[in-house]
Amino acid sequence: MFDNLKKAFSNVSTGFSEKDLNEKDIEDVLFELEINLLESDVATEVIDSIKDSLKEKIIGSRVEKKNIQNFVKQSLIEYISETFDNAGHVDLIDRINQKKDSNEPFIVVFVGINGTGKTTSLAKVANLLKNEKFSLAIAAADTYRAGAIEQLREHTNRLNLKIIAQNYGSDPAAVAKDAVLYAKSHKVDCVLVDTAGRMQTSSNLMEQIEKITKVVKPDMKIFVGDSLAGNDTVNQAREFHNHVKFDCSILTKSDADARGGAALSIVKVTSSPIIYVGVGQEYDDIVKFDKNQNHNNQNQNQNHNNQNQNQNLNLNPNLNQNLKVEIVMILSMVLKLMTSMIMLICMMYLHQKLMMRQKN
């Protein structure tokens, strides 16, 4: 995940070792560092913070020229490590266990924009918690997006979990509340609330998220962001955090992201930790975030590809579960469209007959 950042740090440390440590040379190398960090999707305010921190350490230190390369590289690594450490640590499973004694359900609300893998991440977390022997209820509070309820229902059917849903256009906060009431009456350990994906600039929909959190008072709010969206993900995280103060994040598609800038920037900008990263499309393809681990390990990816190819050859019914969910969702939307077209044709036919009768 941090391959590009490591390369940027190596380049800047080499740059310092090859130049005199006067102010102009320092600025030149820091400019190169800025370009490399921008290419790694690091947010501009985070870049400024890194540059200021590094410049202060270099100018305020008396490091021999021969040791400057290691000094600079170590300083940058320490900056990243401290950034993740300062954000704190959130253990979802421990938090749920702590609340079990109160006989109240642990409520988690998932937020984020459309297309980031929010609903799929919720399903992955549900699978993870189910494997930890927690009982679950899923709230289908995305009542706006066509096919959203069907998509979530397909996930819950595959995982054999309870879903609480209403009709499209229903109040999302009411759906979430129903799920919490169900959980309380049935002694369910945890409620996972799926919400409508929304652009961070949509004020009315952001207010809807605030309403949901006020109604159900969640124990945890999780932001789901796309690792590959770069600075846009950082902007999304900033706006969502301003509105709902989420507790932690999940980054999707981390197996395909070698840059790592989004992860660093989200943690720095929101001062909240990343708890899980998505590393594939199967329900088990979610792992705890570790700042020291390369989550896009190529050997792991190759193993996943080989497994998927073998499943394709064997026509395994469990192959690519999320793709099947998307297919079901699309078919459902097509069926609804065809039904609407048939009804329209029937109405036109009846209208035409009525007009003919009036003429006669």
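What you are looking at is a predicted structure, and each value in this text was computed from that prediction instead of being measured.

1. Overview of the confidence of the model for the protein chain
In low-pLDDT regions, the fine details of the predicted coordinates are not to be read closely.
Then step 1. Scored by pLDDT, the protein chain comes out at a mean of 80, with 74% of its residues at no less than 70.
Then step 2. Here residues 297-306 is a poorly scored stretch, pLDDT under 50, and it has five contacts once near neighbours within four places are set aside; other chains count.
Then step 3. A low-confidence stretch, residues 308-319 stays under pLDDT 50, and its non-local contacts, those more than four residues away or across chains, total ten contacts.

2. Topic: the pattern of salt bridges
Then step 1. Considering all chains together, one arrives at twelve salt bridges under this definition.
Then step 2. Notably, a salt bridge pairs aspartate 189 with lysine 100, separated by 3.9 Å at the nearest N-O pair. One end of the pair, aspartate 189, is in the loop between α8 (172-185) and β4 (190-195); the other, lysine 100, is in helix α5 (residues 92-100), and 89 residues separate them in sequence.
Then step 3. A salt bridge links lysine 184 to glutamate 104; the nearest nitrogen and oxygen atoms lie 3.7 Å apart. Taken together, the residues span a long stretch of sequence, with lysine 184 in helix α8 and glutamate 104 in the loop between α5 and β1 (106-111) at a distance of 80 residues.
Then step 4. The exposure class of glutamate 104 is partly exposed, given its relative accessible area of 35%.

3. A short note on α8
Then step 1. Here α8 is 14 residues long and its end C-alpha atoms lie 20 Å apart, about the 20 Å a rise of 1.5 Å per residue gives.
Then step 2. Taken as a whole, α8 has its buried residues at Pro172, Ala173, Val175, Ala176, Ala179, Val180 and Ala183. Down the axis of α8, the sector holding all buried residues measures 165°, keeping them to one side.
Then step 3. The backbone nitrogen of alanine 173 lies 3.1 Å from a side-chain oxygen of the residue at the head of α8, namely aspartate 171.
Then step 4. Phi turns positive, to about 55°, at lysine 187, one or two residues after α8.

4. Description of the pairing of strand β6 (residues 248-252)
Then step 1. Taking burial as the measure, the five residues of β6 include five buried ones, the bulk of the element.
Then step 2. Residues Cys248, Ile250 and Thr252 of β6 are buried on one face, and the alternating residues Ser249 and Leu251, pointing to the opposite face, are buried as well.
Then step 3. Bridge count for strand β5 (residues 220-226) against β6 is five bridges, and the pairing is parallel. Across the sheet, residue glycine 225 finds its bridge partner in β6, namely leucine 251.

5. So, the packing of α5 against helix α6 (residues 118-131)
Then step 1. Running from amino to carboxyl end, α5 crosses α6 at an angle of 60°, the nearest separation of the two axes being 11 Å. Accordingly, the angle class assigned to the pair α5 and α6 is oblique. Considering how the two elements wind past one another, α5 and α6 form a crossing that is right-handed. Residues Leu92, Ile93 and Ile96 of α5 pack against Val125, Leu128 and Leu129 of α6.
Then step 2. Partitioning the contact of α5 with α6 into residue classes produces six nonpolar, no polar and no charged.

6. Structural notes on a nonpolar patch on the surface
Then step 1. Residues Phe31, Ile35 and Leu38 make up a contiguous nonpolar surface patch of about 240 Å² in total accessible area.
Then step 2. Assignment of secondary structure puts leucine 38 in helix α2 (residues 23-39).

7. Focus on the nonpolar core
Then step 1. Counting residues in each nonpolar core, the largest one holds 52 residues, and the members touching the most others are Ile50 and Val193.
Then step 2. Setting aside its immediate chain neighbours within four residues, valine 193 contacts Ile107, Val108, Val109, Phe110, Leu122, Ala139, Ala141 and Ala176.

8. Comments concerning unusual backbone geometry
Then step 1. At lysine 133, a residue that is not glycine, the phi angle is positive and equals roughly 75°.
Then step 2. Among the secondary structure elements, lysine 133 is positioned in the loop between α6 and β2 (136-141).
Then step 3. For lysine 133, a relative accessible area of 71% gives the class exposed.
Then step 4. Positive phi, close to 55°, is recorded for serine 271, a residue that is not glycine.

Analysis parameters
Residues numbered from 1 in each chain as written. Predicted model: local features only at pLDDT ≥ 70, side-chain atom pairs only at ≥ 80, totals over all residues. Heavy atoms only, no water. pLDDT = per-residue confidence, 0-100. Contact = heavy atoms within 4.5 Å. Salt bridge = Lys/Arg side-chain N within 4 Å of Asp/Glu carboxyl O. Helix = DSSP H or I, 4+ residues; strand = E, 2+ residues; numbered from the N terminus. Buried < 20%, exposed > 50% of the residue type's maximum accessible area, 1.4 Å probe, protein only. Expected span 1.5 Å × (residues − 1). Arc of directions from axis to C-beta. Polar contact = N/O pair within 3.5 Å; in protein donor to acceptor, adjacent residues only side chain to side chain. Pairing = 2+ DSSP bridges. Axes fitted to C-alpha atoms, helices over the stretch in contact; angles between N-to-C directions. Parallel < 35°, antiparallel > 145°, perpendicular 65-115°, else oblique. Left-handed = near helix turned anticlockwise from the far one by under 90°. Nonpolar A, V, L, I, M, F, W, Y, C, P; charged D, E, K, R; others polar. Patch = residues over 30% accessible without salt bridge, like charges linked within 9 Å, V, L, I, M, F, W, Y side chains within 5 Å. Areas by Shrake-Rupley, 256 points an atom, 1.4 Å probe, with all protein chains shown as cover. Core = buried A, V, L, I, M, F, W, Y, C linked by side-chain atoms within 4.5 Å.

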